[in-house]
Every structure is written in structure tokens, then in C-alpha cells.
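# Fold and contact review
Here is what each chain is made of, one letter per residue.
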Amino acid sequence: MVLKRMKNILIVCTGNTCRSPMAEVLLKDRLEQLGKAEEYHVISRGVAAFFGQPASDNAIIALNEIGLDLTQHKAQRLEIDDIKNADLIYVMSNGHKEVIVSEVPESASKIKVLDIIDPYGLELEDYQICRDALINIFKKEFPDA
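Residues numbered from 1 in each chain as written. Predicted model: local features only at pLDDT ≥ 70, side-chain atom pairs only at ≥ 80, totals over all residues. Heavy atoms only, no water.

Helix and strand content of the chain: five helices and four strands. The helix and strand sequence of the chain, counted from the amino end, reads β-α-β-α-α-β-α-β-α. Its C-alpha atoms give the chain a radius of gyration of 15 Å, near enough to 15 Å, the size a compact globule of 145 residues would have. If one aligns the C-alpha atoms of the chain with their principal axes, the spans along those axes are about 45 × 35 × 25 Å. Scored against the burial criterion, the 145 residues of the chain give a buried share of 43%. (Helix = DSSP H or I, 4+ residues; strand = E, 2+ residues; numbered from the N terminus. Rg over C-alpha atoms; globule rule 2.2 N^0.38 Å. Buried < 20%, exposed > 50% of the residue type's maximum accessible area, 1.4 Å probe, protein only.)

Written out as C-alpha cells, the structure is:
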């Protein structure tokens, strides 16, 4: 029997309090729905995160509305090892990609830009739009069998 290595997925935004933690939980949920949760290790980080900061209130509410929990999230800053260990990196903007590639140039080929607008400081509706966009992206990235 050959054991398959887990694939490491890194999701990056700016502060690791809105988009990337929502994406992390949504992707883990998607993988669970597909019965593939054991095949992937998913983490989120922020290029300018303040360590330990909780997820934003509206991010928590937006995920709670669909039965997912973000209350235990604590922000973490992106580290070089996170980039090097990732098999796939989702970033929310081209700016995030530029930061990563400037640190680890060989990572460029494993980065996908999602183009998700930052809802930080905006209304709940903006977080819901962000959430729904991420759900749709992950349905396309990880389709039903």
C-alpha cells in the first residue's frame, strides 16, 4: 500500500482576519463535503497580520449564517516556510502574489490569484458577497466527482 502525501494549501490575504480565514474554513468544509479532507492540509496567513488577532465580527457572522465556525481563529503572519511548504497558494490579490514572489521567486508557478475584494471595515453584506464568491471559486476548483 502506498501512502499519499497530504497536499499543503496556503491561503493568503493582508491581515488574516477576513478573507483568508473565511477561505480556509470554506475550503476545509468543501473538502469535507467531497470526502477529501484527509488529502489536504489547509492554512491561512496574512502578509501584514498582527499575531493572535481574532477574525472580524462580520466574517464570523457571515460564516455562522451557513453553519461554519470562525470564532477560534487567531491571525498569523505569513512566513517563508509557509510559502516553501505549500503545494498550492491562493491569494486574494495580485499585491499578495507580488509579496510572496519577492520573498520566494520559485513559488510563482503555484500561486492562484482569486481577486477577492477586501471587506475589512465594511458592512455584513460585503462579507456575505466575499463568502459567496469564495464558495463558488472552491466549487469550481474542487468539483463534485
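Most of strand 2 (residues 40-46) is tucked away: six of the seven residues are buried. Bridging between strand 1 (residues 7-13) and strand 2 involves seven bridges; their strand directions are parallel. Among the inter-strand pairings, Asn8 is bridged to a residue of strand 2, identified as His41. Running through helix 1 (residues 19-33), the crossover from strand 1 to the neighbouring parallel element strand 2 is right-handed. (Pairing = 2+ DSSP bridges. Right-handed = clockwise from strand over helix to strand, strands pointing away.)

Inspection of the secondary structure puts Asp82 in helix 3 (residues 80-85). Polar contacts involving the side chain of Asp82 include one to the main-chain amide nitrogen of Glu79, which spans 2.9 Å. (Polar contact = N/O pair within 3.5 Å; in protein donor to acceptor, adjacent residues only side chain to side chain.)

For the pair helix 1 and helix 5 (residues 124-141), the least separation of the axes is 10 Å and the interaxial angle reads 40°. Of the possible angle classes, the one that applies to helix 1 and helix 5 is oblique. Where helix 1 crosses over helix 5, the handedness of that crossing is right-handed. Only Tyr127, Cys130, Arg131, Leu134, Ile135, Phe138 and Lys139 of helix 5 make contact with helix 1, whose side of the interface consists of Arg19, Met22, Ala23, Leu26, Leu27 and Arg30. (Axes fitted to C-alpha atoms, helices over the stretch in contact; angles between N-to-C directions. Parallel < 35°, antiparallel > 145°, perpendicular 65-115°, else oblique. Left-handed = near helix turned anticlockwise from the far one by under 90°. Contact = heavy atoms within 4.5 Å.)

Nothing here speaks to function; it is geometry throughout.
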